[in-house]
Amino acid sequence: MAGSLGRLFRGFQSFTSLPATRAQLSHPPAFFSSRTMVTLPSFLSSKPRDFSLPNSSWGPEMLRLYELYNSQCEVETEGGEKQEGSWQRLPSYNRSLKFATGGVYLSKIIQSKARLFTRNIREQGAAFEYVLFNNKEEQRCVGIFQAGHLLEGPPGHVHGGAIATMIDTVTGTHATILSGPVMTANLNINYRSPIPLGSTVLIESSLDTKEGRKTFISCKVTSTDSSKLHTESTALFLSINVSHLLRGG
Ligand SMILES: CCCCC/C=C\C/C=C\C/C=C\C/C=C\CCCC(=O)SCCNC(=O)CCNC(=O)[C@H](O)C(C)(C)COP(=O)(O)OP(=O)(O)OC[C@H]1O[C@@H](n2cnc3c(N)ncnc32)[C@H](O)[C@@H]1OP(=O)(O)O
């Protein structure tokens, strides 16, 4: 099973090198044959829902930024040909592993019910609405995040834990793209100004350095015009062998 998880991560990494047109498909390509040990994760099985596509809860600012980055995923050459742009939209599904046969760590029941933390609320717009774009060349990843009413901390503003979750999600995804399977070892956050509930913010992740198993990343959360700094963060991700997770850490 560890081998299958490793392939899953490699699949995730190779997905980011697919042409933008394919990255925008609502049915992403399957990376593995049906003979792999695990049943394919939902994002590779039939009819997965891609949670990073616009829905009716997205406000004008969320949509504007989505269009801004999405329009840079594919560019037209002077000859009228379409080619891969500088950004790639990363699809997002609500399960990382659908089911694992012979899993030694989690029971099958738990695994079959497991959902990604940020994607487990049915009501659109109620909690984490976000989409991630990756720029491979610049080693940058951007999250566009609209914070729903269930994320309240201080009155009318977003809970610090929800902000930390989004920073971990953007930087963790970025580190996975850069380094393969990783876990967050350290996350430092300075909260500079509160984020109003319902607003849309930009979460920008950039690679600081890679040293052996360590991937150091910096992250900033700002207003969408970048004029207001909400949060600053640094994170350390350690590359892991996926068997680390199967042993229970
Ligand atoms: C997830 C699995 C499966 C499938 C997924 C499928 C698809 C995925 C696709 C995309 C995923 C993308 C994004 C995911 C979205 C969100 C991300 C969420 C991420 C998380 O939410 S993840 C949960 C929270 N996370 C933990 O639950 C970690 C608990 N923890 C441990 O599991 C260990 O602690 C570990 C592995 C971190 C290290 O353990 P270890 O034994 O491998 O390494 P060791 O301790 O030997 O350290 C080696 C060197 O790192 C230095 N070092 C270690 N820790 C340090 C620290 N904190 N600060 C500074 N330096 C540190 C040492 O000082 C030494 O340095 P030196 O070598 O220089 O001496």
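Under an unreviewed UniProt entry, the name given to the protein chain is Acyl-coenzyme A thioesterase THEM4, and the source organism is Lates calcarifer. The annotation that UniProt attaches to the protein chain under Sequence similarities (unreviewed entry) is "Belongs to the THEM4/THEM5 thioesterase family."

## Details of helix α3 (residues 60-70)
An α-helical turn contains 3.6 residues, so any two residues separated by three or four positions project in the same direction. All of the buried residues in α3 are Met62, Leu65, Tyr66, Tyr69 and Asn70. All buried residues of α3 project into a common sector of 130° when viewed along the axis, lining one side. When the buried face of α3 is taken as reference, the exposed residues oriented beyond 90 degrees from it are Pro60 and Glu67.

## Concerning the sheet that holds strand β11 (residues 229-239)
If you trace the seven strands from one edge of the open sheet to the other, you get β4-β6-β7-β9-β10-β11-β8, paired in antiparallel fashion. Lying at the two open borders of the sheet, with one neighbouring strand each, are β4 (88-90) and β8 (182-191). Direction aside, the axes of adjacent strands within the sheet are offset by 25° on average. With nine bridges connecting them, strand β10 (residues 214-223) and β11 associate as antiparallel partners.

## Some remarks on unusual backbone geometry
Despite not being glycine, glutamine 139 shows a phi value in the positive range, around 50°. Along the chain, glutamine 139 turns up in the loop between β6 (128-135) and β7 (140-147). Looking at glutamine 139, the number of C-beta atoms within 10 Å reads 16, which means it is partly exposed. With phi around 65°, serine 226 is a residue other than glycine that occupies positive phi space. Locating serine 226 in the fold gives a position in the loop between β10 and β11.

## Some remarks on the UniProt feature "domain: Thioesterase" (unreviewed entry) in the protein chain
In this numbering, the UniProt entry assigns the feature "domain: Thioesterase" (unreviewed entry) to residues 156-226. With 28% helix and 45% strand, residues 156-226 has its two end C-alpha atoms placed 21 Å apart.

## Examining the nonpolar core
One recurring pattern in soluble globular proteins is that nonpolar side chains are buried together. Ranked by size, the top nonpolar core spans 37 residues in total, and within it Leu132, Ile144, Met166 and Ile203 carry the most contacts. Elements that contribute at least two residues to this core include exactly α3, β6, β7, α5 (160-179), β9 (200-211), β10 and β11. Per element, the largest residue contribution to this core is eight residues, and it comes from α5. If we ignore the near neighbours within four places in the chain, the residues touching isoleucine 203 are Val142, Gly143, Phe145, Met166, Ile167, Val170, Cys219 and Val221.

## Re the pairing of β9
Looking at chain direction, β7 and β9 are connected through seven bridges and run antiparallel. Bridge pairing in β9 places arginine 140 opposite serine 206. One ladder, built from 10 bridges, connects β9 with β10; its direction is antiparallel. Across the sheet, serine 205 pairs through a bridge with cysteine 219, a residue of β10. Where β9 folds back on β10, the antiparallel hairpin that results is connected by two residues, among which glycine 212 adopts a positive phi of roughly 60°.

Thresholds applied
Residues numbered from 1 in each chain as written. Predicted model: local features only at pLDDT ≥ 70, side-chain atom pairs only at ≥ 80, totals over all residues. UniProt positions renumbered as here; feature names shortened; annotations may be inferred. Buried ≥ 20, exposed ≤ 12 C-beta atoms within 10 Å, placed from the backbone. Helix = DSSP H or I, 4+ residues; strand = E, 2+ residues; numbered from the N terminus. Arc of directions from axis to C-beta. Pairing = 2+ DSSP bridges. Axes fitted to C-alpha atoms, helices over the stretch in contact; angles between N-to-C directions. Core = buried A, V, L, I, M, F, W, Y, C linked by C-beta atoms within 7 Å. Contact = placed C-beta atoms within 7 Å.

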